[in-house]
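# Architecture at a glance
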Amino acid sequence: MSRHHFGARLHDYTLLGYRTLAFENELIRVEVLADKGTDIISFLHKPSDTDFMWRRYLGLRPAGVGGHPRGVDEQVFVDGYEGGWQECLPNGGQSVIYKGAELPFHGELLASPWTVEVLEDRPDVVSVKFSVQTLRTPFRLEKTLTLRSGRAVLEIDERLTNLAAEPMDLMWGHHPAFGPPFLDDSCRIDLPPCRASTARSEPWKGGDIVPSATFDWPMAPRRDGSSRDLSAVYGPESRIADWVCLSGFSEGWYGITNGRRKVGFGLRWDSVQFPNLWFWHVWGGMPGYPWYGLNYVCALEPWSSWPDGGLLRAIDNGSALHIAPSSTIETRLLAVAYSGATRIHSISESGEVESASDNP
């Protein structure tokens, strides 16, 4: 690894016992835990000094024997969850037994160390390939992160291979969560026209949207007969918590923009491989374990499947991915920081953001 300190650059260091790589240029700095699922724990927009990622109040647990608990249920996932952005595969939500293997809540990748291969390390571009093989299922995932000088765009190119001599089903998702100081009641969420559903494995504590309802984004039917605009972020005093699955996108993109700071985070993804967007939000709600009313957070998660009831339910409803023996799926995502806008209209395939003010 070269030691230049300008343009695009890499930093390789240890954080609480985890190998960590930071991708940095003139505009953004992104921290990745190579030894813990390639979690993105920070996505900083440098000009405004705004970090978009949520940090849970317990923070990142140190690596080691007691660092992160192991098991299959939701409590094990939550106990080791520091916030930020995870990748989930081959299961989403409830743990299940599939082909004799017990698959954990949100999959096998969450505590896994990944191998690291630096592909490019120059002032104009840095690129790193992270690779991992799941233990209970026969998958290999390669994820290449690329950052170019002068662009506030993290490029994410992925290649998933079924190593088995038999077909495999799976759920695959990205789990970025956003929190303060970026997240506040001036934030607005923009995305293409889509349908929404509140059908999930179980109702959330504190939810005010009608359960098992379907509706057009963004107006959700509330239990009291009124409607709530889901594109508007509420303050923590609202004590609301809900889960909604969005689908039917013509293209995959969203932006969440802070109106006070006029800075935002956008994601462009492949809506063919990830046709669903899970939107969960805890506006100070959800009493009791695990949030105890302490958290103010939302996540907008591209997923292959729905709802969050585990792989067997996704197979039953036809939303699971199905990969033939020795076959590969490739996909690409772009994570973008932008400024100077309060709402956006689109994010292009190259990561260009069109703000509301760009149109007459």
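Residues numbered from 1 in each chain as written. Predicted model: local features only at pLDDT ≥ 70, side-chain atom pairs only at ≥ 80, totals over all residues. Heavy atoms only, no water.

### Brief notes about the overall build of the protein
Rules: Labels follow the DSSP assignment, with helices taken as runs of H or I lasting at least four residues and strands as runs of E lasting at least two, numbered in each case from the N terminus. Taken over C-alpha atoms, the radius of gyration is set against a globule rule of 2.2 Å times the number of residues to the power 0.38. Each residue's exposure class comes from its accessible area (1.4 Å probe, protein chains only) as a fraction of the maximum for that residue type: buried when under 20%, exposed when over 50%, partly exposed otherwise. A contact between two residues is defined here by any heavy atoms of the two lying within 4.5 Å. Every accessible area reported is derived by Shrake-Rupley at a probe size of 1.4 Å, with residue values counting cover from the shown protein chains alone. In this count, Lys and Arg are taken as positive residues and Asp and Glu as negative ones, while His and the chain termini are left out. For charged residues, the charge sits on one atom: NZ in Lys, CZ in Arg, CG in Asp, CD in Glu.
Secondary structure summary: the protein contains 2 helices and 28 strands in total. Over its C-alpha trace the protein gives a radius of gyration of 19 Å, about what one expects of a compact globule, namely 21 Å for 360 residues. When its C-alpha atoms are laid out on the principal axes, the protein stretches across 60 × 55 × 40 Å. Here the protein holds 360 residues, and 59% of them are scored as buried. Long-range pairs, those at least 24 residues apart, make up 63% of the contacts in the protein with a sequence separation of at least 6. Of the roughly 13900 Å² of accessible surface on the protein, a fraction of 51% belongs to carbon and sulfur atoms. In the protein, the 34 positive side-chain charges and the 45 negative ones have mean positions that sit 3 Å from each other.

### Remarks on the packing of aromatic side chains
Our working rule: Any pair of Phe, Tyr and Trp rings, taking the six-membered ring for Trp, is counted once the centres come within 6.5 Å. Such a pair is stacked with planes under 30 degrees apart, edge-to-face with planes over 60 apart, and tilted for the rest.
In the structure shown here, the tally under the stated rule is 20 aromatic pairs. Centre to centre, the rings of Phe 77 and Phe 105 are 5.3 Å apart; their planes meet at 40°, and the pair counts as tilted. Of this pair, Phe 77 sits in helix H1 (residues 74–79) while Phe 105 sits in the loop between strand S8 (101–103) and strand S9 (115–122), placing them 28 residues apart in sequence. As far as the burial class goes, Phe 77 and Phe 105 line up, both buried. Relative to Trp 278, the ring of Trp 243 lies with its centre 5.6 Å away and its plane at 65°, an arrangement referred to as edge-to-face. Of this pair, Trp 243 sits in strand S20 (residues 240–247) while Trp 278 sits in strand S23 (residues 276–283), and the two are 35 residues apart along the sequence. This pair shows no difference in class: Trp 243 is buried, exactly as Trp 278 is.

### Some points on the pairing of strand S2 (residues 18–24)
As a reminder, the rule being used: By this definition, two strands are paired if DSSP reports at least two bridges between them.
Judged by how many residues are buried, S2 sits mostly within the fold: 6 of 7 residues are covered. Of the strand pairs in this sheet, strand S1 (residues 9–15) and S2 are connected by 7 bridges, and their pairing is antiparallel. Among the inter-strand pairings, Arg 9 is bridged to a residue of S2, identified as Glu 24. Linking S1 back to S2 in an antiparallel pair, the connection comprises 2 residues, with Leu 16 at a positive phi of about 50°. Examined bridge by bridge, S2 and strand S3 (residues 28–33) share 5 bridges and lie antiparallel to one another. Within the sheet, the bridge partner assigned to Glu 24 lies in S3 and is Arg 29.

### Focus on the pairing of strand S24 (residues 296–303)
Where burial is concerned, most of S24 is hidden: 8 out of the 8 residues are buried. Burial along S24 is two-sided: Tyr 296, Cys 298, Leu 300 and Pro 302 facing one way and Val 297, Ala 299, Glu 301 and Trp 303 facing the other are all buried. Bridge count between strand S14 (residues 173–178) and S24: 3 bridges; the pairing is antiparallel. Note that in S24 the partner of Phe 178 across the bridge is Cys 298. Relative to S24, S23 runs antiparallel, the two being bridged by 8 bridges. Within the sheet, the bridge partner assigned to His 281 lies in S24 and is Cys 298.

### Some words on the state of the cysteines
Heads up, the condition is: Whenever a pair of cysteine sulfur atoms sits within 2.5 Å, that pair is classed as a disulfide.
A full pass over the atoms with the stated rule returns 0 disulfides. Here Cys 245 is not cross-linked by a disulfide; its sulfur's nearest cysteine counterpart is in Cys 194, at 9.4 Å. Taking relative accessible area as the criterion, Cys 245 reaches 3% and is therefore assigned buried.

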